[in-house]
Amino acid sequence: MRVRRLLGLALATLAFAGMSFTGPFAAEAAAPQVSWADCEYGGGKPAKHSTGYWYCQGGTYNGQRIYGSSGY
């Protein structure tokens, strides 16, 4: 009885530890976005992609999408 209870507690602890461990990696998986001004300040130039979105080309933020830009 006691072993079963401890095993359940250990599994629950591992599950919670796993959730807190994967949280930061899920946040990093999102595409980074910068502002138009940050792109230019970092040494890049905003460039319109064929999808209609604006991306920072060159500089510190090379390849990152400029937020607020919409595709059309």
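Just so it is clear, the model here is predicted, and its values are computed rather than measured.

A. Broad picture of the overall build of the protein. Regarding its fold elements, the protein presents 2 helices and 4 strands. Reading the helices (α) and strands (β) of the protein from amino to carboxyl end gives α-β-α-β-β-β. Taken across its 72 residues, the protein has 15% of its residues classed as buried. Long-range contacts, defined as pairs at least 24 residues apart, comprise 23% of the intrachain contacts of the protein with a sequence gap of at least 6. When the accessible surface of the protein is split by element, carbon and sulfur atoms take 63% of a total near 5,800 Å².

B. Expanded view of the side chain of Ser35. For Ser35, the location among the structural elements is in the loop between β1 (33-34) and α2 (36-41). Here Ser35 falls in the buried class, since its relative accessible area comes to 13%. Separated by 3.1 Å, the side chain of Ser35 and the backbone nitrogen of Asp38 make a polar contact.

C. Quick look at the packing of aromatic side chains. Going through the model one piece at a time under the given rule, you end up with 1 aromatic pair. Plain terms: the ring middles of Trp36 and Trp54 are 5.0 Å apart, the flat faces sit at 55° to each other, and that makes the pair tilted. Of this pair, Trp36 sits in helix α2 while Trp54 sits in strand β3 (residues 54-57), placing them 18 residues apart in sequence. Taking relative accessible area as the criterion, Trp36 reaches 38% and is therefore assigned partly exposed. Taking the relative accessible area as the measure of exposure, Trp54 reaches 24% and is therefore partly exposed.

D. Representation of the pairing of strand β2 (residues 45-48) within the structure. As judged from the 4 bridges shared by β2 and β3, these two strands associate in the antiparallel manner. When the bridges of β3 are listed, Lys45 appears paired with Gln57. Hairpin connection between β2 and β3: a loop of 5 residues separates the two successive antiparallel strands, and Gly52 in this loop has a positive phi of roughly 100°.

E. Quick peek at the state of the cysteines. All chains considered together, the criterion is met by 1 disulfide. Each disulfide pairs two cysteine sulfurs, and for Cys39 the partner residue is Cys56, the sulfurs being separated by 2.1 Å. As the torsion about the S-S bond is roughly 90°, the Cys39-Cys56 disulfide counts as right-handed. Highlighted residues: Cys39 in helix α2 and Cys56 in strand β3, separated in sequence by 17 residues. Each member of the pair Cys39 and Cys56 is classed as buried.

F. Inspection of the environment of Thr60 at higher detail. Assignment of secondary structure puts Thr60 in the loop between β3 and β4 (65-66). Look at Thr60 and you get exposed, because its relative accessible area is 59%.

Reading the values: rules and limits
Residues numbered from 1 in each chain as written. Predicted model: local features only at pLDDT ≥ 70, side-chain atom pairs only at ≥ 80, totals over all residues. Heavy atoms only, no water. Helix = DSSP H or I, 4+ residues; strand = E, 2+ residues; numbered from the N terminus. Buried < 20%, exposed > 50% of the residue type's maximum accessible area, 1.4 Å probe, protein only. Contact = heavy atoms within 4.5 Å. Areas by Shrake-Rupley, 256 points an atom, 1.4 Å probe, with all protein chains shown as cover. Polar contact = N/O pair within 3.5 Å; in protein donor to acceptor, adjacent residues only side chain to side chain. Phe/Tyr/Trp six-rings, centres within 6.5 Å; stacked < 30°, edge-to-face > 60°. Pairing = 2+ DSSP bridges. Disulfide = S-S within 2.5 Å.

Keep in mind these values describe shape, not function.
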